Amino acid sequence: MLTLIERFDELTKRLRVSGRNARATVVRMYTRCSGENSNETVVRYAFTLPDGEEIRDEYVVSESAGGNIRPGDSLGIRYLPQDPRQHRRAGPEESAMAGLMIATLCSLLWIGAGGYFVKLMLQQPEPRRTLTRSGEIYDYEAPACSRPTPPRGNRSLREYRD
């Protein structure tokens, strides 16, 4: 996961420093099956470089954003002049990076909280400590039974009174 973040961050930095802007046009949108009972909307776009070469690519949009995009719409693109295949839509890299960072942070917090609760469950309770009349501290252990069990047989209740 960290390697993915580092690569993403490296390309983002390179695009900021030496990237060029271009306008792409949404060429096509379609839906494809992404798993059992799940579909995803794919946006295919194209942009033209100053030398006339056309670069085509696609990306998956969320369900909420998919309704806002139509074929013929314009997208901002930032690309590397020495390798135009390395490009991104302008703007989303910060939000994508923030999303990756938030996901990583949440994962670490979740793991830490789980470890803390496991530690609490495995921890032995501290014995209760009590002061004696002489001022000494001793560990209090509750007696197993407060009164001895009565022997079997017919005895009067007076024998068991304190």
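Residues numbered from 1 in each chain as written. Predicted model: local features only at pLDDT ≥ 70, side-chain atom pairs only at ≥ 80, totals over all residues. Heavy atoms only, no water.

Q: What is the right way to look at the overall build of the protein in this model?
A: Looking only at helices and strands, one finds three helices and seven strands in the protein. Looking at the protein alone, contacts between residues at least 24 apart form 48% of all its contacts between residues at least 6 apart. (Helix = DSSP H or I, 4+ residues; strand = E, 2+ residues; numbered from the N terminus. Contact = heavy atoms within 4.5 Å.)

Q: Explain the pattern of salt bridges here, please?
A: Pairing between side chains becomes possible if they bear opposite charge and their charged atoms approach one another. Going through the model one piece at a time under the given rule, you end up with five salt bridges. We note a salt bridge from R56 to E54, for which the minimum N-O separation is 3.0 Å. Accessibility expressed as a relative area gives 45% for R56, which makes it partly exposed. In this structure E54 comes out as partly exposed when scored by relative accessible area, which is 43%. Here the residues in one salt-bridge network are R32, E40, R44 and E58, joined through shared partners. (Salt bridge = Lys/Arg side-chain N within 4 Å of Asp/Glu carboxyl O. Buried < 20%, exposed > 50% of the residue type's maximum accessible area, 1.4 Å probe, protein only.)

Q: Could you clarify how one ought to interpret a nonpolar patch on the surface in this entry?
A: Taken together, the side chains of Y116, F117 and L120 make up a nonpolar region of the molecular surface, amounting to roughly 320 Å² of accessible area. Tracing the sequence through the fold places Y116 in helix 3 (residues 92-122). (Patch = residues over 30% accessible without salt bridge, like charges linked within 9 Å, V, L, I, M, F, W, Y side chains within 5 Å. Areas by Shrake-Rupley, 256 points an atom, 1.4 Å probe, with all protein chains shown as cover.)

Q: Any chance you could explain the packing of aromatic side chains here in plain terms?
A: How two aromatic rings sit relative to each other is set out by the distance from centre to centre and by the angle between their planes. All told, the structure shown has three aromatic pairs when counted by the stated rule. A ring pair is formed by F47 and Y79, whose centres lie 5.8 Å apart and whose planes are at 35 degrees; its orientation type is tilted. Pair noted here: F47 is in strand 2 (residues 38-48) and Y79 is in strand 4 (residues 74-80), with a separation of 32 residues, a long-range link. Y79 sits in the buried class, given a relative accessible area of 5%. When the centroid spacing of 5.8 Å and the interplanar angle of 65 degrees are considered together, the rings of Y116 and F117 count as edge-to-face. Note on Y116: relative accessible area 47%, which makes it partly exposed. Between R89 and the ring centre of Y59, over which it is positioned, the NZ or CZ distance is 3.7 Å. (Phe/Tyr/Trp six-rings, centres within 6.5 Å; stacked < 30°, edge-to-face > 60°. Lys NZ or Arg CZ within 6 Å of the ring centre and 35° of its normal.)

Q: Just to check I follow, could you spell out the confidence of the model for the protein for this structure?
A: One rule of thumb: low pLDDT means the predicted coordinates there are not for detailed reading. Mean pLDDT over the protein: 75, with 61% of residues reaching 70 or higher. Within the protein, helix 2 (residues 63-66) has the poorest average pLDDT of any element, 56, and strand 4 the best, 89. (pLDDT = per-residue confidence, 0-100.)

Q: Explanation requested: the sheet that holds strand 2 in the structure shown.
A: Consider a sheet: its strands pair through backbone hydrogen bonds, and that pairing is either parallel or antiparallel. The strand order 3-2-1-4-5 describes an open sheet built from five strands, whose pairing is antiparallel. Unpaired on one side and paired on the other, strand 3 (54-61) and strand 5 (83-89) mark the two borders of the sheet. Sheet twist, expressed as the average angle between the axes of neighbouring strands with direction ignored, equals 40 degrees. In the sheet, strand 1 (residues 20-35) pairs with strand 2 via 10 bridges, with the strands oriented antiparallel. Counterpart to T31 in the pairing with strand 2 is T41. (Pairing = 2+ DSSP bridges. Axes fitted to C-alpha atoms, helices over the stretch in contact; angles between N-to-C directions.)

Q: Looking at this structure, I do not really get the environment of S74. What am I missing?
A: Assignment of secondary structure puts S74 in strand 4. Separated by 27 residues in sequence, S74 and F47 place their C-alpha atoms 9.7 Å apart. With residues near it in sequence (within four places) discarded, S74 still touches R23 and A24. Within the structure, S74 has its side chain in polar contact with the side chain of R23 (distance 3.0 Å). (Polar contact = N/O pair within 3.5 Å; in protein donor to acceptor, adjacent residues only side chain to side chain.)

Q: Would you mind showing me how to read the environment of V17 here?
A: Inspection of the secondary structure assignment puts V17 in helix 1 (residues 2-18). Relative accessible area serves as the criterion here: at 72%, V17 is assigned to the exposed category. In the structure, V17 is positioned 63 residues away from L80 in sequence and 9.5 Å away in space, judged by C-alpha atoms.

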